[in-house]
Amino acid sequence: MAEQVDARDLKSLGGFLRAGSIPALGTSFIENLLDPKTPLKPILKEAIRLRRAHFGNSFKLHVLENAKKGGCSEDCSYCGQSSKFPTPVTPSAPLKASELIAGAKEAQASGAYRFCMAIARRGAVEADLRVVGEAVSFMARDLGLKTCFSSGFLDDAALDFLKACGLDRINHNLNAPREVYPRICSSHTYEDRLQMARRVKERGLELCCGFIVGLGESLKELAGLLQDLAELKPDAIPVNFLIPIPGTPLEGAPPLNPEQCLRVLCVVRLLLPATEVRLAAGRELHLGALEPIGFLVADSAFLGDYLTAKGQEGSRTLRMVRALGLDPLQA
Ligand code: SF4
């Protein structure tokens with residue numbers, strides 16, 4: 001039985017946080033941390049302390065490249081790239097290896113530590129793998145740039161091939177809690193995603209695995225997802241905040257509460273203190289004036305645009321990172 005946090009007892013909460021092993025305390029403890037009635041201050045203080053203890057002043061900036069836009073067969077309700085919804089995204093042909101390499105060089109020159117490529121499909125096809133494999137080999141060998149690839153479900157042979165080409169990391173998000181999944185997607189399940197994430201680790205690749213806040217999840221459901229992440233132990237956790245895309249079933253989703261967004265980010269840090277926690281898509285839209293504080297809890301962020309939505313101008317993000325006394329890691 002998990003211990004309960006008394007929201008009025010700051011001393012007791014501080015003691016629980018410093019004691020560590022929060023995942024072992026169970027989902028009801030995590031749910032209490034997520035509850036707006038529990039004071040945010042001690043949670044935030046501890047999250048900032050842990051971030052500093054594990055990462056010092058270093059900060060990682062990632063550039064995201066949409067290597068094949070739109071036309072995806074899946075029906076994820078939050079996604080502008082699904083072929084099932086009338087979104088403004090026009091499907092495009094996959095980028096060539098030379099175009100990916102040019103993007104990677106530009107990203108590196110702009111201060112990126114990692115170049116993340118995404119292909120909107122249920123799973124990359126052989127031609128995609130050949131192109132990405134060729135580009136990644138160059139990035140690893142000639143640019144020394146860290147790389148990540150995201151393309152739905154990949155079999156073991158594809159994962160092994162990409163690893164042999166020099167790929168560091170695969171992104172495969174859980175996105176929504178188990179209970180929410182049937183409401184937001186009918187073409188695959190939460191369990192499918194969890195299994196894929198586990199296989200990435202089994203094949204010896206780094207795993208980037210996160211979620212989206214704002215899909216109609218309850219605190220209890222989100223706590224369950226965070227508990228799964230704590231058990232999965234990804235190498236990186238991107239925390240996204242829903243950007244409602246016109247034409248998708250979630251286009252009218254209400255704005256999120258900035259304090260609650262910050263709280264979720266802090267709870268992820270408390271659960272996995274030494275894991276890369278990324279302030280990902282939607283930070284600009286939902287954190288508002290609290291955004292700089294989020295940079296003191298996270299240790300990575302995206303530089304520039306997201307897959308189908310505009311992000312903050314890269315130079316502005318860099319200025320903010322430096323103004324906060326953080327040092328962007330260079331590849
Ligand atoms: S989130 Fe990925 S799998 Fe789902 S529709 Fe978008 S591109 Fe396809």
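Look a little higher up for the structure.
So, the overall build of the protein
Across its full length, the protein carries 13 helices and ten strands. For 331 residues, the compact-globule estimate of 2.2 N^0.38 gives 20 Å, and the C-alpha radius of gyration of the protein, at 19 Å, lies within 12% of that figure. Within the span of the protein, comprising 331 residues, buried residues form 48% of the whole. Long-range contacts, defined here as pairs at least 24 residues apart, represent 79% of the contacts in the protein between residues at least 6 apart.

A short note on the pairing of strand β8 (residues 276-279)
Alternating positions in β8 separate into two faces, Glu276 and Arg278 on one and Val277 and Leu279 on the other, with burial throughout. Looking at chain direction, strand β7 (residues 236-241) and β8 are connected through four bridges and run parallel. Within the sheet, the bridge partner assigned to Pro238 lies in β8 and is Arg278. Note that the unit made of β7, helix α10 (residues 258-271) and β8 has a crossover that is right-handed. Pairing of β8 with strand β9 (residues 300-302) involves two bridges; the strand directions are parallel.

Section: the environment of Ala309
In this fold, Ala309 is placed in the loop between β9 and α13 (314-323). Using a count of 14 C-beta atoms within 10 Å as the deciding quantity, one classes Ala309 as partly exposed. Taking the C-alpha atoms as reference, Ala309 lies 23 Å from Glu259; in sequence the two are 50 residues apart.

Describing the site of the ligand
Surrounding the ligand, one finds Cys72, Glu74, Cys76, Cys79, Gln81, Ser82, Ala120 and Gly152. Residues of the shell around the ligand, tallied by class, amount to four nonpolar, three polar and one charged.

Concerning the packing of helix α3 (residues 40-55) against α10
Between two packed helices, both the angle of their axes relative to each other and the distance between the axes serve to describe the pair. Contact geometry of α3 with α10 gives a least axis separation of 9 Å together with a crossing angle of 50 degrees. Taken together, the axes of α3 and α10 lie oblique to each other. Taken as a pair, α3 and α10 cross one another with a handedness that is left-handed. Residues Leu40, Ile43, Leu44, Glu46, Ala47, Leu50 and Arg51 of α3 lie in contact with α10, whose contacting residues are Glu259, Arg263, Cys266, Val267, Arg269 and Leu270. Of the residues contributing to the contact of α3 with α10, the split by class is eight nonpolar, no polar and five charged.

Things to note about the packing of helix α4 (residues 97-109) against helix α5 (residues 126-143)
Interhelical geometry of α4 versus α5 gives an angle of 35 degrees and a closest axis separation of 8 Å. Of the two possible hands of crossing, α4 and α5 adopt the one that is right-handed. Contacts from Ala97, Leu100, Ile101, Ala104, Lys105 and Gln108 in α4 reach Val131, Glu134, Ala135, Phe138, Met139 and Leu143 in α5. Split by residue class, the contact of α4 with α5 holds nine nonpolar, one polar and two charged.

Side note on the nonpolar core
Among the nonpolar cores identified, the biggest contains 103 residues, and Val239, Leu265 and Val267 are the most heavily contacted of them. If we ignore the near neighbours within four places in the chain, the residues touching Val239 are Gly210, Phe211, Val213, Val264, Leu265, Val268, Val277, Arg278, Leu279 and Ala280.

Considering the pairing of strand β3 (residues 146-150)
On a regular strand, one side chain projects to one face of the sheet and the next to the other, so that they alternate. Among the five residues of β3, five are classified as buried, and the element is accordingly described as predominantly covered. Neither face of β3 is open: one carries Lys146, Cys148 and Ser150, the other Thr147 and Phe149, and all of them are buried. On the question of chirality, the crossover connecting strand β2 (residues 114-119) to the parallel β3 by way of α5 is right-handed. Here β3 runs beside strand β4 (residues 169-171); their pairing, made up of two bridges, is parallel. Directly across from Cys148, in β4, lies its bridge partner Arg169.

Remarks on the environment of Glu291
Position of Glu291 relative to the elements: it lies in helix α12 (residues 291-297). Taking C-alpha positions, Glu291 is 25 Å from Ala118, a pair spaced 173 residues apart along the chain. For Glu291, the residues in contact, after removing those within four places along its chain, are Arg283 and Glu284.

What to know about α4
Look at α4: 18 Å from first C-alpha to last across 13 residues, which is about the 18 Å you get at 1.5 Å a residue. Contacts made by the buried residues of α4 are with β1 (58-68), β2 and α5. Directly beyond the C-terminal end of α4, a positive phi value near 110 degrees is found at Gly111.

Conventions used here
Residues numbered from 1 in each chain as written. Predicted model: local features only at pLDDT ≥ 70, side-chain atom pairs only at ≥ 80, totals over all residues. Helix = DSSP H or I, 4+ residues; strand = E, 2+ residues; numbered from the N terminus. Rg over C-alpha atoms; globule rule 2.2 N^0.38 Å. Buried ≥ 20, exposed ≤ 12 C-beta atoms within 10 Å, placed from the backbone. Contact = placed C-beta atoms within 7 Å. Pairing = 2+ DSSP bridges. Right-handed = clockwise from strand over helix to strand, strands pointing away. Near = placed C-beta within 6 Å. Nonpolar A, V, L, I, M, F, W, Y, C, P; charged D, E, K, R; others polar. Axes fitted to C-alpha atoms, helices over the stretch in contact; angles between N-to-C directions. Parallel < 35°, antiparallel > 145°, perpendicular 65-115°, else oblique. Left-handed = near helix turned anticlockwise from the far one by under 90°. Core = buried A, V, L, I, M, F, W, Y, C linked by C-beta atoms within 7 Å. Expected span 1.5 Å × (residues − 1).

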